[in-house]
Every structure is written in structure tokens, then in C-alpha cells.
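For reference, the chains in residue letters:
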Amino acid sequence: MTETTSKTNHPVLIFWIVAGWIGFCLLPWFMVEDGIWSFVWLVDGYPFDEDYAPAAFLIGQGEKLWLTPLLVPLALPLLVLGKPKSDPHYARILILAGALGFGWLIAQGFSIGIRGFNFDWMKVLFGEPKIRQFGMGYGAMICATAFLFLLTQGIAARGAINGDVFVVSAIGGVITIVTVFVFFPIAKMLFAAFVTEDGAYSVSVFASKFFDDRLWGLGCFAGAKCGAAWNSLFLAILVGFITTVLGLCFALVVTRSGFRFKRGMRALTVLPIITPPFVIGLALILLFGLSGSVTRFVAELFGVQPTRWLYGMPGVLIAQTLAFTPIAFLVLIGVVEGVSPSMEEAAQTLRANRWQTFKTVSLPLMRPGLANAFLLGFIESMADFGNPLVLGGNFDVLSTEIFFAIVGAQYDQGRAAVLAMVLLFFTLSAFYAQRAWLGKKSYTTVSGKGDAGVHPLMPRGLAIPVLGIAVAWAVFTAVVYGMIIYGSIVELWGVDNSLTFKHYVTAFSVRFEEEGIRWTGAAWDSFWTTITIAGIAAPLTAAVGLVTAYLLTRQSFAGKNAFEFGTMLSFAIPGTVIGVSYILAFNVPPIEITGTGVILVVSFIFRNMPVGVRAGIASMSQLDKSLDESSLTLGANSWQTFRRVILPLLRPAILAALVYSFVRAMTAISAVIFLVSAEYDMATSYIIGRVENNDYGLAIAYSTTLIFVMLAAVGMLQILVGRVQIGRRTQLGAEKTT
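Not measured: the values here are computed from a predicted model. (Residues numbered from 1 in each chain as written. Predicted model: local features only at pLDDT ≥ 70, side-chain atom pairs only at ≥ 80, totals over all residues. Heavy atoms only, no water.)

**Let's talk about the overall build of the protein chain**
Tallying secondary structure elements over the protein chain gives 33 helices and 6 strands in all. By residue count, 51% of the 738 residues in the protein chain fall in the buried class. Restricting to contacts in the protein chain with at least 6 residues of sequence separation, those with at least 24 account for 74%. About 34100 Å² of surface is accessible on the protein chain, with carbon and sulfur atoms providing 65% of the total. (Helix = DSSP H or I, 4+ residues; strand = E, 2+ residues; numbered from the N terminus. Buried < 20%, exposed > 50% of the residue type's maximum accessible area, 1.4 Å probe, protein only. Contact = heavy atoms within 4.5 Å. Areas by Shrake-Rupley, 256 points an atom, 1.4 Å probe, with all protein chains shown as cover.)

In C-alpha cells, the structure reads:
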């Protein structure tokens, strides 16, 4: 970046100085009672009412005097407005102002809580405050942001990363939000596992909950129940293995066979991704439950008594395999297609047959995909909440045990924290085991050279069982989805199978009146809330992910590996753990957002951010760095280069991150079930409520509607992005040319 060091007008600096003063003097300092989206405060006692008053007005009224020291760091940056960046005082004053302001906000935020001072020595020194401290509002958030970016500008002025303000600010911003919304909640959860009933910390309390027989019991070997930890681990390993095998079968059929119905099979395998996670469980009940179609048919055919075999590990295993096989397929299809055909052709040239080529060349090069597919299946199984809740019966798993520890009559946050720690330990262990298994070997097969070879077909001995497994599973998936649609249009499944649209009318009825459209259906409130929350979270997720990807691919800075690990950590953290940790971290000051729409948006951003990061890294890795260098040489700074050169070339990655984030926000349940409130009820939690009331018809009708909404979203993505043409011949093309 080229910039004259004697330049004394600093528009970015002026912006953040003004923003800090606006936050302190004009905006409500604390979170308003009606939530962050409400602006009722503008006509309801503002600015003198204590609930809506800015910090300056609170201090003027003799309230919240602990905010007074913030005036010093707010005033300090005014001293450098006429100075060039080369002046040594410029950087020092900005760093001092930013560090003092941000540090004081953190200190007072954690020192003063709901019941006054959080530390006994402060009560002795200052006495009890007149009124509790509330969570941060508009004013505090904008003021904290201003202090953060004043600090990063000072660091840039000292020469960090060549004095690039945009890059330093982006790194500082991403580190801060990841610390606040990933590391801090996890740390809060870890500490909660040691808290006693009187608020003290005790290792014995943790030990009593950790070594509970309900968690680690091995009674299953004696005909009793196994602990939830062993159940979850064994189930996750099975699901990871089976989904990886099935995903590989589908990938091989699509890429290495002459099967006529590849497109239909590919579409069918992806369908469960856009389905709420517990809907498949409902469909299995319609098929194999006590009143299910298959159960009654078998009972009548063989004259046997129907059983509840579905409820327990078998049902959960089938449901999770159906739900998560598409994820393994999407991971493996790219890996299988990415194996260089020229290497396989070279093996055949050396007189290797198809089976030898597949076993010694193709399969070893698919190793990263197989490891990633297993890891995803393992983590998704560990985090899955909906299917175990619907089909688990007496088969206890960690995700449902955490839920009941929080919302059940026991309300034991400590037990929930311990269970979440065990779950997190399993997923992180799988994460590191996968990296260790792959090691540092190179699996690169695609270089800059052209490669127009043709993938060989599977050997016949492999093709027959692979095709048989894939077709059988595809037919089973089609039957399950047929039952989902059929179950939504019958009166009462298993009792009255007459066709009706009653459930859709109950959920989504509309009345036209003189005043306008009236949404009278029972599901509309949760539907519009879900659309709104997902619509807000998706672009923010894509933005954070792509900026992070830019920093990781285009910049070099100290601690880059730790930075990447921090941004990807939320990928390895199950949604159930996120939900528990957010409840523990954000239901008290300084960030008091439990029960609001903000906590839902934030949870979606940081659960789905790794997708945006990986999509951005994949796309930016294909862009030559000479594009950036040319832009900088022509006088543009890093921000202008990122906005005008990089972003326009990342349209597919942006759209992929947007749609994936939107779909996941629409169908998420594991974290959402802990974070919803009466005012902000999401579609998935509403459907779970209907299931618990045995209102399967309405639940399936709502779920079917969500599936079609997701199909529309994915269809829009396909139209906008299209397919990338690699330039290789296909099997069909090869056959025509021979």
C-alpha cells in the first residue's frame, strides 16, 4: 500500500472517533428491554429514562459513575488529528486510547453484574451500587468497536503488516469476535462444571458429575443400560463408518459407472441436507413404528405381534445414516472426481487391471476425502439432537442428556456443562485423530498442466455390489420421502388414512380482510422468524468467512496457524455444546442477549462461518497473487483491492456460503433448541413441540413446507452459480470417440 507519511487528514480515524462519541453521548448504553431490533425507546423517555439513557446522561444524573473513566480514552485520539502517521506520538496515543477504553469496558463489564459487584473486595471498597448493571446496548457496542479499531489503527501506524490499516483491523476484528463468541462461551462452560450450589468452585463437584454411572456405566454388558457417553461414541463411530461407505458407493456410481440414472440418484442423495434433522425420524415412525405401514404388513403376513424395535439404537442409527450420508457423498464426490485420470491410465499402461488400479492408485488418493467424510459423520452424529429425541427411547445419548439437564425439572447447569465437555472431548479427539492419520503426506494430483484423461470404470467385481448398495439405499430414501409427503396429507396416521389438507391449513392458513392479509396459521410466526433470522445471519456469515479466508490466503502474519485454528474451532464444536455454552455465557452482563433474536443470529454465524472460510480459501487459492500486486502497484490500498478485484471473482464462493448458511439456519435444531424464546421461536423448535404433543400430521406438513423452501433456495443457487467445466472428457464422450 502506498501512502504519503505526511498526510494529516485521516478519514477512517475521524469516523471511529465520531462513532465512539455518538455511542457514548447519543445512543442507549444498555440493552433496551424490547430487544435490539426495537426502537420504541426513541419516543419513550429517551434520553433521560435510565433504561434508555446514553452513558453521558447517566453520568450527568449521578448514575453508573463507573463509566466516567471512558471519557479519557475518548478524548485522547483528538490529540493526533493534526499529526502525520509518521509522528511517533500518533501510534502511541491511539494504542493507549484503544487499550484503555477497550480494557476498561471489559473490566467494568465483568466486575459489575446482575447483583452488583461480582467480587467481595469491590463491595468493601466501593459499597453496593444503587442499581444492577444490564447488558451492553447500542451505545456500549459502538463505543467498544470504536476503541478496538482505534487500537488496530495505532498498531498499523507502528508498522505492523507494512502499516496496512485494513489488514490489521480485519485481523483484530476477527480475533475479537471469535474470542467473544467461541472461546469465551466454551471457557464459561468449562468453569460452570466446577461451580457448587453456593457459587464456589470445587473439583469434587466436577468429579461427582463426571464419574456418574449414567455417563460412563457399562451395564449393557450385563443386560442393563450403557452410559450416555459410550452410547454416543459407539453410535458416532458406526454412523461415521456407514455414511462414509455409502457416500463412497454413491460417488463411485456417479463418476465411475455407466449407470443410466446418475442425475436422479445425485439429486436424491442431496435431498436430506435440506431436510430438518428429525423429519427422517418421523418418516421412519410412519414406516416402522407400532402403527407403521411395514410393521402392520409384516405382523399380518407372519402373524406376529408388532414390537417397538425402532425406538432405541437401531432407529437412531438408521435415521442418522439417512440424514448424514449426503454430507459424506458431497465430500467424496469432489475427491473421487479430483483423482487425476492420467495417473490411473499410467497404471493401466503398466499392465495393471482395473481392480489393481483402483486398489493401489485411486483409493489411496481418496484418503483425505474418506477421513473428512468419517469425521463429518462422527461429529454430526454426536451433535444430532432431533433424531435421538424422536427415536431414542431408553437409548440415552449426550445431546439429549444435555437438553434434559437444562430444560428438565433438575435444571442442573453443572451436569449439562460436564456432559458438553465430554461431547467436546470426543469431537476434538476425532478431529486430531483425523489429522494424525492423514499426516503430512501429499495427495495432490491436479497441477497446472492440462489433464483430459478419462476415469476408468469400476472393476466388475466392485461395480456390482457398489451399484446394488447405492440403488437399494436410493430406493429406501425415496420411500422415506414418499412417506413424509404422504404423512402430511392423511387425517391421522395409522388410524384414519383419509386424505386431507387439514394440517397445511392449520399451519399456513391466510385470511384476506379489508385491513390486508392476515396470517392466521399457527406456524406463520415461527416461519417468518426463521426466514428473518436466517436472512440476517447468512450474509454476515459469508462476510466474516470470506474476510477470514482473504487473511489466511493473502496475508502473512505472526500467529497465523493459531488464527486459522480459532476460526475453524466452531466446526468441531457440536451445536448442542454451542447452545449450552451460549446460555451460560450470555444470560448475564456484559453481553446479555439470551432470549433475543441476536443470540440466534450470532450462533448461526459462528456455527456456519467455517463453510464461508473454506469456500473462500478454495476460490482464492485459484486467483493469482499478481492480481493483488498489480492493484497495489496502481495505487489502490488493500481494502480497495479486496472490494474491487477479489470480491467480484469470488461470486460462486459468496453464493455457496450464502445459500449453505441460509439452509443450515433454516434447519438447525441442536443449538436452537436451547436458545429460542417465546418471542423468537424457530421453525425446528416449533416442529419439535408438535412432535412432543404427538401432532405428527402438523409436524410433517410444516417440515414438508420447509423442504420445498430449501429446494427453491438450492435451485436458485444452481441457476446463479452453474457448473464449473473442468475440461475433461466424460465416459460417454470417450465411448463416442473410440
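The rest of the description comes next.
**Describing unusual backbone geometry**
Working note: non-glycine residues mostly have negative phi, and peptide bonds are mostly trans. Note the cis peptide between P589 and P590, where omega equals 10 degrees. With respect to the secondary-structure elements, P590 resides in the loop between α25 (575-585) and α26 (597-620). The residue N694 is not glycine, and still its phi comes out positive at about 60 degrees. If you trace the backbone, N694 turns up in the loop between α31 (683-692) and α32 (696-721). For N694, a relative accessible area of 57% translates into the label exposed.

**Observations regarding the environment of L424**
By the secondary structure assignment, L424 is in helix α20 (residues 413-438). Take L424: its relative accessible area is 9%, and that puts it in the buried class. Separated by 152 residues in the primary sequence, L424 and T576 place their C-alpha atoms 9.6 Å from one another.

**Some thoughts on the confidence of the model for the protein chain**
When the pLDDT values of the protein chain are averaged, the result is 81; 85% of them are 70 or greater. A low-confidence stretch, residues 442-451 stays under pLDDT 50, and its non-local contacts, those more than four residues away or across chains, total 16 contacts. In this model, residues 732-738 is a region of pLDDT below 50 whose contacts with residues beyond four sequence positions or in other chains number 2 contacts. (pLDDT = per-residue confidence, 0-100.)

**Description of the pattern of salt bridges**
Counted under the stated rule, the structure contains 9 salt bridges. Here R518 and E513 are joined by a salt bridge, their closest N and O atoms 3.5 Å apart. For R518, a relative accessible area of 44% gives the class partly exposed. A relative accessible area of 31% means that E513 is categorised as partly exposed. Among the charged side chains, a salt-bridge network with shared partners connects D212, R214, E401 and R415. (Salt bridge = Lys/Arg side-chain N within 4 Å of Asp/Glu carboxyl O.)

**Focus: the nonpolar core**
Within the largest apolar cluster, 167 residues are counted, with the highest numbers of intra-cluster contacts made by L284, L551, Y582, F606, F674 and Y702. With residues near it in sequence (within four places) discarded, Y702 still touches F508, A523, S526, F527, A683, Y686 and I687. The next biggest cluster of nonpolar side chains, apart from the first, holds 32 residues, and it includes L67, L74, L76 and I112. (Core = buried A, V, L, I, M, F, W, Y, C linked by side-chain atoms within 4.5 Å.)

**As for the packing of aromatic side chains**
This structure, assessed with the given rule, holds 42 aromatic pairs. Considering the side-chain rings of F30 and F134, the 6.2 Å spacing of their centres and the 65 degrees angle between planes classify their relative orientation as edge-to-face. Within this pair, whereas F30 is found in the loop between α1 (11-25) and α2 (55-60), its partner F134 is found in the loop between α5 (120-126) and α6 (138-157), the two being separated by 104 residues in sequence. Assessed through its relative accessible area of 5%, F30 is described here as buried. Centre to centre, the rings of F385 and F403 are 4.8 Å apart; their planes meet at 65 degrees, and the pair counts as edge-to-face. Here the residue F385 occupies a position in the loop between α17 (367-383) and α18 (386-391), and F403 occupies one in helix α19 (residues 398-407), the gap between them amounting to 18 residues. A residue is classified by how much of its surface remains accessible, and F403, at 8% relative accessible area, is buried. (Phe/Tyr/Trp six-rings, centres within 6.5 Å; stacked < 30°, edge-to-face > 60°.)

**Here we look at the side chain of T548**
Residue placement: T548 occurs in helix α23 (residues 524-554). The contacts of T548, once residues within four sequence positions are left out, are V174, F563, T567 and V613.

**Observations concerning the environment of D51**
In this fold, D51 is placed in the loop between α1 and α2. Measuring from C-alpha to C-alpha, the distance between D51 and W29 comes to 8.6 Å, with 22 residues separating the pair along the chain. Excluding residues that lie within four positions of it along the chain, D51 makes contacts with F30 and V32.

**What about the pairing of strand β5 (residues 510-513)?**
Inspection of the sheet shows β5 paired to strand β6 (residues 516-519) by 4 bridges, in the antiparallel sense. Its bridge partner lying in β6, R511 is registered against R518. In textbook terms, the turn of a hairpin is the stretch between consecutive antiparallel strands, and for β5 and β6 this stretch comprises 2 residues. (Pairing = 2+ DSSP bridges.)

**Side note on the state of the cysteines**
The final tally for this structure, using the stated rule, is 0 disulfides. In this model C25 remains outside any disulfide bridge; the closest cysteine sulfur is found in C143, 8.6 Å from its own. Overall, C25 belongs to the partly exposed group, its relative accessible area being 24%. (Disulfide = S-S within 2.5 Å.)

**Some thoughts on the environment of I106**
Topologically, I106 is positioned in helix α4 (residues 88-111). For the pair I106 and A144, spaced 38 residues apart in sequence, the C-alpha separation works out to 9.0 Å.

**Re a negative patch on the surface**
Residues E33, D44, E50 and D51 make up a contiguous surface patch of negative charge. Tracing the backbone through its elements, the reader meets D44 in the loop between α1 and α2. (Patch = residues over 30% accessible without salt bridge, like charges linked within 9 Å, V, L, I, M, F, W, Y side chains within 5 Å. Lys, Arg positive; Asp, Glu negative; His and termini not counted. Charge placed at Lys NZ, Arg CZ, Asp CG, Glu CD.)

**Let's talk about helix α10 (residues 228-256)**
The terminal C-alpha atoms of α10 lie 41 Å apart, and with 29 residues this matches the ideal 42 Å at 1.5 Å per residue to within 8%. With 21 of its 29 residues buried, α10 lies for the most part within the structure. (Expected span 1.5 Å × (residues − 1).)

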